[in-house]
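# Summary of structural features
Each chain is listed here by its residues.
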Amino acid sequence: MLAIWYGGTFDPVHNGHLAIARAAADTFGVPVTLVPAADPPHRTAPGADAAQRAHMLDLAVAGDRRLRVDRRELQRPGPSWTVDTLRELRAERGAAAPLALLVGADSFRSLPTWKHWRQLPELAHFIVAGRDSDGDAPLSSDLAGEVEGRWTDDPAELAARPAGRVYALRQPLRAESATAVRRAIAEGDPAWPDQVPPEVEAWIRTAGLYRRP
């Protein structure tokens, strides 16, 4: 069975993250595992610590059998490099197990900045969560060359082989972003609760996260 992993900082998890994960789960008919990063190497320090971000994910996925949370990157020292996580999963699951990495379109376009990025398609498929508004946003020449011939519009192809394919997951336009949610909380914008699950909203308020000093 295909295993889908969705990594990120989730600072905080918001409805857009969950929409992507649920769209993938429904398209492929398998659960999606969300993997919070402990030490993201490509961005500034998170506004919430790793334990807090993981707890918010637990609250967000509770009761939804399509979604799971895995804390392996929190338990591993050093930066949360995706290549290390995929190698670890390969060691656990075996070379023949179908494995896919779910990423947003912006993250996918930034792939050449990732550690050992050319090894990633040999370790897993990519499910690229784009939106209709993304259109035909160009890929860098390096990335375009690396994924040429890998694209498929058949979900069954990802379950039939261990790695190497790229699938474009289309979904409705959503406006949420973690940066915007943090800014809205800091500025006291009353609309921010609409962008996160109610349980996450309540916990953010209780913990006093993202407020300006």
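Structure: above.
Residues numbered from 1 in each chain as written. Predicted model: local features only at pLDDT ≥ 70, side-chain atom pairs only at ≥ 80, totals over all residues. Heavy atoms only, no water.

In terms of helices and strands, the protein carries nine helices and seven strands. For 213 residues, the compact-globule formula gives about 17 Å, and the C-alpha radius of gyration of the protein, at 17 Å, lands near that figure. For the protein, the spread of C-alpha atoms along the three principal axes comes to 50 × 35 × 30 Å. Counting only residues that meet the buried cut, the protein has 47% of its 213 residues in that class. Sequence-distant contacts in the protein: of pairs separated by 6 or more residues, those separated by 24 or more amount to 75%. Of the roughly 10300 Å² of accessible surface on the protein, a fraction of 50% belongs to carbon and sulfur atoms. Averaging the coordinates of the 26 positive side-chain charges in the protein and doing the same for the 28 negative ones gives two points 3 Å apart. (Helix = DSSP H or I, 4+ residues; strand = E, 2+ residues; numbered from the N terminus. Rg over C-alpha atoms; globule rule 2.2 N^0.38 Å. Buried < 20%, exposed > 50% of the residue type's maximum accessible area, 1.4 Å probe, protein only. Contact = heavy atoms within 4.5 Å. Areas by Shrake-Rupley, 256 points an atom, 1.4 Å probe, with all protein chains shown as cover. Lys, Arg positive; Asp, Glu negative; His and termini not counted. Charge placed at Lys NZ, Arg CZ, Asp CG, Glu CD.)

All right, on to the side chain of Thr 85 then. In this structure, Thr 85 sits in helix α3 (residues 82–93). Given the relative accessible area of 6%, Thr 85 is considered buried. A polar contact of 2.9 Å, which involves the side chain of Thr 85, links it to the side chain of Arg 76. In this structure Thr 85 touches Arg 72, Glu 73 and Arg 76, once residues within four positions along its chain are discounted. (Polar contact = N/O pair within 3.5 Å; in protein donor to acceptor, adjacent residues only side chain to side chain.)

This brings us to the nonpolar core. Within the largest apolar cluster, 37 residues are counted, with the highest numbers of intra-cluster contacts made by Ile 4, Val 32, Leu 102 and Ile 127. By residue number, the principal contributor to this core is helix α1 (residues 15–28), which donates seven residues. Leaving out residues up to four positions away in the same chain, Leu 102 has contacts with Ile 4, Trp 5, Tyr 6, Gly 7, Ile 20, Ala 21, Ala 24, Val 32, Ile 127, Ala 129 and Leu 169. Ranked by size, the runner-up nonpolar core spans 22 residues in total, among them Leu 99, Val 103, Leu 111 and Phe 126. (Core = buried A, V, L, I, M, F, W, Y, C linked by side-chain atoms within 4.5 Å.)

Considering all chains together, one arrives at four aromatic pairs under this definition. These aromatic residues form a ring-pair network of at least three members: Phe 108, Phe 126 and Trp 151. (Phe/Tyr/Trp six-rings, centres within 6.5 Å; stacked < 30°, edge-to-face > 60°.)

In terms of burial, strand β4 (residues 99–104) is a largely internal element, five of the six residues being buried. The pairing of strand β1 (residues 3–8) with β4 spans three bridges and is classified as parallel. Directly across from Ile 4, in β4, lies its bridge partner Ala 100. (Pairing = 2+ DSSP bridges.)

Moving on, we get to the pattern of salt bridges. If you walk through the whole model with that rule in mind, you get 18 salt bridges. Between Asp 26 and Arg 66 there is a salt bridge, with the nearest N and O atoms lying 3.2 Å from each other. With a gap of 40 residues between them, Asp 26 in helix α1 and Arg 66 in the loop between α2 (50–61) and β3 (67–69) connect regions that are remote in the sequence. Put simply, Asp 70 and Arg 72 hold a salt bridge, and the shortest N to O gap is 3.1 Å. On the basis of relative accessibility, which here comes to 13%, the residue Arg 72 falls in the buried class. (Salt bridge = Lys/Arg side-chain N within 4 Å of Asp/Glu carboxyl O.)

Where α2 meets helix α9 (residues 198–207), the closest approach of the two axes is 8 Å, and the angle between their N-to-C directions is 145 degrees. In the crossing of α2 with α9, the sense of the turn from one axis to the other is right-handed. Where α2 approaches α9, its residues Gln 52, His 55, Met 56, Leu 59 and Ala 60 are matched on the opposing element by Glu 199, Val 200, Trp 203 and Ile 204. Class assignment for the residues of the contact of α2 with α9 results in six nonpolar, two polar and one charged. (Axes fitted to C-alpha atoms, helices over the stretch in contact; angles between N-to-C directions. Left-handed = near helix turned anticlockwise from the far one by under 90°. Nonpolar A, V, L, I, M, F, W, Y, C, P; charged D, E, K, R; others polar.)

Geometry only, nothing functional implied.
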